[in-house]
Amino acid sequence: MENNSNEIEKQCGVQPANIEIPDIGNDPNFVFVNDPSFTSLNLYDIDGNSVIVNSWIECSHYVKGGWTTILNQNIPGDKYIVFICSSLILFYYISKIFKIKASQ
Amino acid sequence: MKQRNKNLVLIVLIASVLILPFSVSDKDDYREPKFVQDSSIGYYQSTTCGISFAEVLSKNINNTNNLYFNNNAYPGTECFGKVTGLDKVNNVLIVSIGTNPSINLLLQSVLYILIILLIKPRQRVSPLGESLFIITFRSGLLSLLFTFQHLSEARFYERTNKYFLTTSSFNNYYLIGIFLIYFFIFLALTELSNSRESVLLNYSPYAFLFVGTFVGTNINFYILILCFFGLKGLLMKKYNSYINMIYGFFSVIWITFNYSSDNFFDADKLRGFINSANNDASLYFWIVTFYLLMNGFYYLYTICDIDLEKIKQSLIFSGTGVVIFGLLGAAYPPLNFINFFLFGQNKRGMRELTSIAGNTWRGFSASAETIGEFFAFIILFYVIFYLNKNITLTKADYFMLPIVGYGLFRSNNFAAVSALVIFTIIFVFNTKINNPKYRKLLFRSMIFSSATLAIFYVMSFNYEFLSTGLLFEISLHSNFFTNSDNYINFLNIEKYFNEKDLGTLLFLEDNFSKASSSYLFLVNLFTTEINIPLIPNVVAVISMISIFINRTEMWGIFFAKYSPTIGESLFGSGPLQMSDYLYRHPVRLDVPSEKLQSLFLPHSSIFDILIFYGLIGLVILSFFTFRIFYKSEYIGNDAKYLLGFLIINIFKSDSLLYISSIILFFLIISIITKKKKEYV
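Caption draft 1: How the structure looks around the overall build of chain B. Scanning chain B for helices and strands turns up 28 helices and 3 strands. Relative to a compact globule of 680 residues, whose C-alpha radius of gyration would be 26 Å, chain B shows 26 Å and is just as compact. Here the C-alpha coordinates of chain B stretch approximately 85 × 65 × 50 Å along the principal axes. A buried classification covers 56% of the 680 residues belonging to chain B. Considering only contacts within chain B whose residues lie at least 6 apart along the sequence, 77% involve residues at least 24 apart. Charge separation in chain B, taken as the distance between the mean sites of 52 positive and 43 negative side-chain charges, equals 13 Å.

The following block contains the structure:
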């Protein structure tokens, strides 16, 4: 529980005083009330979906559900692999050509 | 640079390739590792791909919770070596670590290439070596072949790699990346093989320690090496025309009569050396791959310098390594994960040391039989070549041999132990007793006592049970009498067996059409009217053997499933093509419900050969094997005991389904058939 609170604090900031956390559960009709004193935040889930939260309560609710302020960008890993391998192969050919020239 | 210093540099490089990818993470983000426990599940589930494996370990050195580090192949490269989730299942906290297959292919190859570089070069190679054109042509061709596997076995790869894409375009970075990785591997193999290829075979027993299967793929490093040498041999015209012609003939038949289907085999413990699909493209891939693999063996055979001391070292280090790393992996979950990656295991290593989980050295070997055979083989190798003064015993050997003995003990392989004892006795009688009179007497008394024991054993059962045990077992696993209660089916089948009325059994409830073709063939053989006095029926003999060696159930399942056409029974389904055998013929296994989804392999390499190469293939392979035994010009006679030992064992194990066992076979054949002057 403490770890969870720390996590929420890291993402959403310190819990404002006099705020009571309502029991939201899985209520689909629950409406979060905007808090003008809260700076809106963008939160992202693992698939890169984003949501803007406008209150500390809303933010804490999403963080509990696994959302974070860090966008887990879909890195084009397959392109990196192509780049790394091309470099290795190029290095091989250059060194091979140098070897051949040196031996001649 | 001196070899010693070179090795030091290589070891540092190997450690770096192993450690760095699992340690890299953004240290500036606020995502810190936490102690793995129930309360941190939410944290790790929401903080994915940010905390490295090494970071988690640093926070959990003293963690006494039941941890398991799972390899999660599907996530992308950004998650490689990092935590992709934490779950709790049955009181086990499962930490998933990202292991993208494309990166695995590259990293594991680099690791194995660096390890091969530890082998001292033997030949002096001209700096010019082969022409760049030849190197490029060979590497390109092989890379195309292995990239093609990703298309032919698409169902396997789409499950394991996030980037998987089959479109034919220059934007398909997945396929281009795979091609380039293979291209780099073959270029590297070219460089290191030139100066080491003649001694590689002496190190081949390491295939039991470094299993070589790439995580998340259905390919094995040894296949790449052997195909590389295969193509090299073909281009240099070092091949055996007879073998290639026979194989070509078989290939035409496999391709012509192939029945494509949607059957998919997830490869399970055979991953890396099995056809996961059953389509034309996958058949072409494995036909060509196996062709190159055979030629690779042949090429290595023609150039190898056999060194028994080096082989001894490789055997003992490999055997000891399997035991020690197996135990360490069972005791320490992080090492279990590292073992899987470093050694390229087909399946994760054993997680506990209880008699069931701990007896198979699972991971290093997919089956208890295979690893038991290997441990026993090492001991027999020592016995034979030490007694004949071909090898010496060092202090390290005295230390490591008991470890291998412990491995054999824990593998629970009674057959391997028995075969070890029998072959040791035969060897000692044959070579150490010079008086032929005494030798004959000892052999006769041995045969007499064995025969007496066998007769007493047979007498303890009734002949009825022994001769029909296998057919009864096949009937139980066939789809007969489809009552929902297996016990009622059992009683029905038992009734007709007691009445010796197999005809009615097959006639009722359409059982005839539900029976496999191999079952019907066995029933025909068993009920034939031709009866030669004193010669037992062949089905009865197979049945007796299956009961003696405790294979009735497994062979029963095999014959219940094995339903080939006439063509398949003669020529097989093609190399490593098993999905038809596994899924084509419907059966109803009479096994506990929790085992219904298990993989039931034939449990005899003879049956494996039947599935792949048919009866004619089996006869041809047997002919070549017996030729090795009986051709007098061969000098490595002592190694024939080892070959005999392996052959006896494969009757009751699936060892030939594993590349490491095939390599061991090939090594022994090379030792036997190489002329003495070719020994180092």
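That was the structure; now back to the text.
Caption draft 2: Local environment of the state of the cysteines. Counted according to the given criterion, the structure contains 2 disulfides over all chains. Note on cysteine connectivity: C12 of chain A is disulfide-linked to C59 of chain A, with sulfurs 2.0 Å apart. Disulfide C12 of chain A to C59 of chain A: torsion about the S-S bond roughly -80 degrees, handedness left-handed. Of this pair, C12 of chain A sits in helix α1 (residues 2-12) while C59 of chain A is found in helix α2 (residues 56-64), placing the two residues 47 residues apart along the sequence. C12 of chain A gets classed as buried once you look at its relative accessible area, which sits at 8%. Shown here is the disulfide that connects C49 of chain B with C79 of chain B, its sulfur atoms set 1.9 Å apart. Taking the sign of the torsion about the S-S bond as the criterion, the disulfide between C49 of chain B and C79 of chain B, at about 80 degrees, is right-handed. Here C79 of chain B lies in the loop between β1 (67-72) and β2 (83-89) and C49 of chain B lies in the loop between α2 (41-46) and α3 (53-59), a separation of 30 residues in the sequence. Taken individually, C49 of chain B and C79 of chain B each receive the classification buried, so the pair is uniform in this respect. For the unlinked cysteine C85 of chain A, the closest cysteine sulfur is that of C79 of chain B, found at 19 Å.

Caption draft 3: Spatial organisation of the pattern of salt bridges. Counted by the stated rule, this structure contains 13 salt bridges over all chains. K10 of chain A is the partner of E32 of chain B in a salt bridge, and the nearest nitrogen-oxygen pair spans 4.0 Å. On the criterion of chain membership, the pair formed by E32 of chain B in the loop between α1 (3-19) and α2 and K10 of chain A in helix α1 is interchain, its members lying in two chains. With relative accessibility at 41%, the residue K10 of chain A sits in the partly exposed group. We note a salt bridge from K96 of chain A to E191 of chain B, for which the minimum N-O separation is 3.0 Å. Of this pair, K96 of chain A sits in helix α3 (residues 77-103) while E191 of chain B sits in helix α7 (residues 173-194), placing the two residues on different chains.

Caption draft 4: Representation of the nonpolar core within the structure. F146, F221, Y519, M578 and I671 of chain B are the most contacted members of the largest nonpolar core, which has 207 residues in total. Setting aside residues no more than four positions away along its own chain, F221 of chain B makes contact with S109, Y112, I113, I116, I185, L189, G212 and F214 of chain B. Grouped together as the second largest cluster of nonpolar side chains are 10 residues, C12, W56, C59 and W67 of chain A included.

Caption draft 5: Layout of the packing of helix α4 (residues 101-117) of chain B against helix α12 (residues 333-343) of chain B. Residues and elements named next belong to chain B. The geometry of α4 relative to α12 is characterised by a closest axis approach of 9 Å and an angle of 80 degrees between their N-to-C directions. Taken together, the axes of α4 and α12 are roughly perpendicular relative to one another. Side by side, α4 and α12 meet where N104, L107, Q108, L111 and Y112 of the first sit next to F341, L342 and F343 of the second. Taken together, the residues that form the contact of α4 with α12 break down as 6 nonpolar, 2 polar and no charged.

Caption draft 6: Structural detail: the interface of chain A and chain B. Taken together, the 31 residues of chain A in the interface contact 34 residues of chain B. Where chain A abuts chain B, roughly 3,000 Å² becomes buried across the two surfaces, and 66% of that area is made up of carbon and sulfur atoms. Among the residues chain A hides against chain B, the three largest losses belong to I81, Y92 and Y93 of chain A. Together they make up 18% of the total. Counting across the chain A and chain B interface gives 3 salt bridges.

Caption draft 7: Geometry of the sheet that holds strand β3 (residues 92-98) of chain B. Residue and element names in this part refer to chain B. If you trace the 3 strands from one edge of the open sheet to the other, you get β1-β3-β2, paired in mixed fashion. Of all strands in the sheet, those with a lone pairing partner are β1 and β2, marking the two edges. Geometrically, the sheet is characterised by an average inter-axis angle of 25 degrees between neighbouring strands, direction not taken into account. Strands β1 and β3 of the sheet are contacted by α12, whose axis makes an angle of about 25 degrees with β1.

Caption draft 8: Structural context of the confidence of the model for chain B. All names here are of chain B. Confidence in the prediction for chain B averages 89 pLDDT; 95% of positions are at 70 or higher. The least confident element of chain B, judged by mean pLDDT, is helix α19 (residues 502-507) at 82; the most confident is helix α8 (residues 221-235) at 96. Predicted as a complex, the structure gets a pTM of 0.87 and an ipTM equal to 0.86.

Caption draft 9: Representation of the packing of aromatic side chains within the structure. Residues and elements named next belong to chain B. The full count for this structure, using the stated rule, is 61 aromatic pairs over all chains. Taking 6.3 Å as the distance between ring centres and 85 degrees as the angle between the ring planes, the aromatic pair formed by F214 and F221 counts as edge-to-face. Summarising the burial analysis for this pair, F214 and F221 share the class buried. Between Y247 and F290, the aromatic rings sit 6.4 Å apart at their centres with planes inclined by 25 degrees, giving stacked as the arrangement. Taken together, the residues span a long stretch of sequence, with Y247 in helix α9 (residues 241-256) and F290 in helix α10 (residues 280-303) at a distance of 43 residues. Linked through ring pairs, Y247, F249, F250, W254, F290, Y291, F571, F612 and Y613 together constitute an aromatic cluster. Sitting over the ring of Y43, K34 keeps its end group 4.0 Å from the ring centre.

Caption draft 10: Geometry of a nonpolar patch on the surface. All names here are of chain B. Taken together, the side chains of I566, L570, L615, I616 and V619 present a nonpolar region at the surface, about 440 Å² in accessible area. Only α24 (566-571) and α26 (605-630) provide two or more residues apiece to the nonpolar patch. The element best represented in the nonpolar patch is α26, accounting for 3 residues.

The rules behind the values
- Residues numbered from 1 in each chain as written.
- Chains lettered and ligands numbered in written order.
- Predicted model: local features only at pLDDT ≥ 70, side-chain atom pairs only at ≥ 80, totals over all residues.
- Heavy atoms only, no water.
- Helix = DSSP H or I, 4+ residues; strand = E, 2+ residues; numbered from the N terminus.
- Rg over C-alpha atoms; globule rule 2.2 N^0.38 Å.
- Buried < 20%, exposed > 50% of the residue type's maximum accessible area, 1.4 Å probe, protein only.
- Contact = heavy atoms within 4.5 Å.
- Lys, Arg positive; Asp, Glu negative; His and termini not counted.
- Charge placed at Lys NZ, Arg CZ, Asp CG, Glu CD.
- Disulfide = S-S within 2.5 Å.
- Salt bridge = Lys/Arg side-chain N within 4 Å of Asp/Glu carboxyl O.
- Core = buried A, V, L, I, M, F, W, Y, C linked by side-chain atoms within 4.5 Å.
- Axes fitted to C-alpha atoms, helices over the stretch in contact; angles between N-to-C directions.
- Parallel < 35°, antiparallel > 145°, perpendicular 65-115°, else oblique.
- Nonpolar A, V, L, I, M, F, W, Y, C, P; charged D, E, K, R; others polar.
- Buried area = accessible area lost by both parts, 1.4 Å probe.
- Pairing = 2+ DSSP bridges.
- pLDDT = per-residue confidence, 0-100.
- Phe/Tyr/Trp six-rings, centres within 6.5 Å; stacked < 30°, edge-to-face > 60°.
- Lys NZ or Arg CZ within 6 Å of the ring centre and 35° of its normal.
- Patch = residues over 30% accessible without salt bridge, like charges linked within 9 Å, V, L, I, M, F, W, Y side chains within 5 Å.
- Areas by Shrake-Rupley, 256 points an atom, 1.4 Å probe, with all protein chains shown as cover.

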